[in-house]
Amino acid sequence: MVAGDLDGVMAIEEASFPTPWSRGMFSEDLTRPFSRPFVAEGPSGEVLGYAVCWNVAGESHLLNIAVHPESRGRGVGEALVRECIRRGARAGSARIHLEVRVGNEEAQGLYRRLGFVFQGIRKRYYADTGEDAMLLSREIRNGDAS
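Now for a quick tour of the structure.

Rules used throughout
Residues numbered from 1 in each chain as written. Predicted model: local features only at pLDDT ≥ 70, side-chain atom pairs only at ≥ 80, totals over all residues. Heavy atoms only, no water. Helix = DSSP H or I, 4+ residues; strand = E, 2+ residues; numbered from the N terminus. Rg over C-alpha atoms; globule rule 2.2 N^0.38 Å. Disulfide = S-S within 2.5 Å. Buried < 20%, exposed > 50% of the residue type's maximum accessible area, 1.4 Å probe, protein only. Salt bridge = Lys/Arg side-chain N within 4 Å of Asp/Glu carboxyl O.

1. Digging into the overall build of the protein
Moving on, step 1. For the protein, the helix and strand inventory stands at four helices and six strands.
Moving on, step 2. Along the chain direction, N to C, the helices and strands of the protein fall in the order α-α-β-β-β-α-β-α-β-β.
Moving on, step 3. Over its C-alpha atoms the protein spans a radius of gyration of 15 Å, differing by no more than 12% from the 15 Å that the globule rule assigns to 146 residues.
Moving on, step 4. Each of the three principal axes of the protein carries a C-alpha extent, and together these read 35 × 35 × 30 Å.

Now the structure itself:
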């Protein structure tokens, strides 16, 4: 992800979440040494999806991920999650964690298919709706780096 991607990222963010991140939040992540934001691009360079992953103290955290509504169901989300895992492996992380809304069964299914397991519930985690979050995590293995 580079500053030139932010218009596309913001369009997806606003279409995907009740309380979207601000442009400033994404811009700030571009400058953090432990942050790994990136995009999936279409054939014309358009942003199809994005992910923000942090690698801190031997662990990775997938903070934000979304796919353009017209590109959902085409493997973009899976590719983004796999790339977060790969980047975590290359950064030396042993585990990757994420939170997902308890009502987002489609995303939960994707994460489970990729080896994430249930760790707990964060009550009222999402301040915008008061919805609980499921905490999921997955071991990062040596083979995940390639």
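2. Let's talk about the state of the cysteines
Moving on, step 1. A complete count under the given rule lists one disulfide for this structure.
Moving on, step 2. Across the disulfide, C53 is cross-linked to C84 (sulfur-sulfur distance 2.0 Å). Taking the sign of the S-S torsion, 40 degrees for the link of C53 and C84, the bridge is right-handed. Of the two residues, C53 is situated in strand β2 (residues 47-56) and C84 in helix α3 (residues 76-90); the sequence distance between them amounts to 31 residues.
Moving on, step 3. By relative accessible area, C84 is classed as buried at 1%.

3. Some thoughts on the pattern of salt bridges
Moving on, step 1. With the rule as written, the count across this model stands at eleven salt bridges.
Moving on, step 2. Taking the shortest distance from any N to any O, the salt bridge between R82 and E78 comes out at 2.9 Å. One end of the pair is R82 and the other is E78, both in helix α3 and four residues apart, which spans about a single turn.
Moving on, step 3. With relative accessibility at 47%, the residue R82 sits in the partly exposed group.
Moving on, step 4. Its salt-bridge partner being E83, residue R86 comes within 2.4 Å of it at the nearest N-O pair. Residue R86 and its partner E83 are both found in helix α3; the two are separated by three residues, about one turn of the helix.

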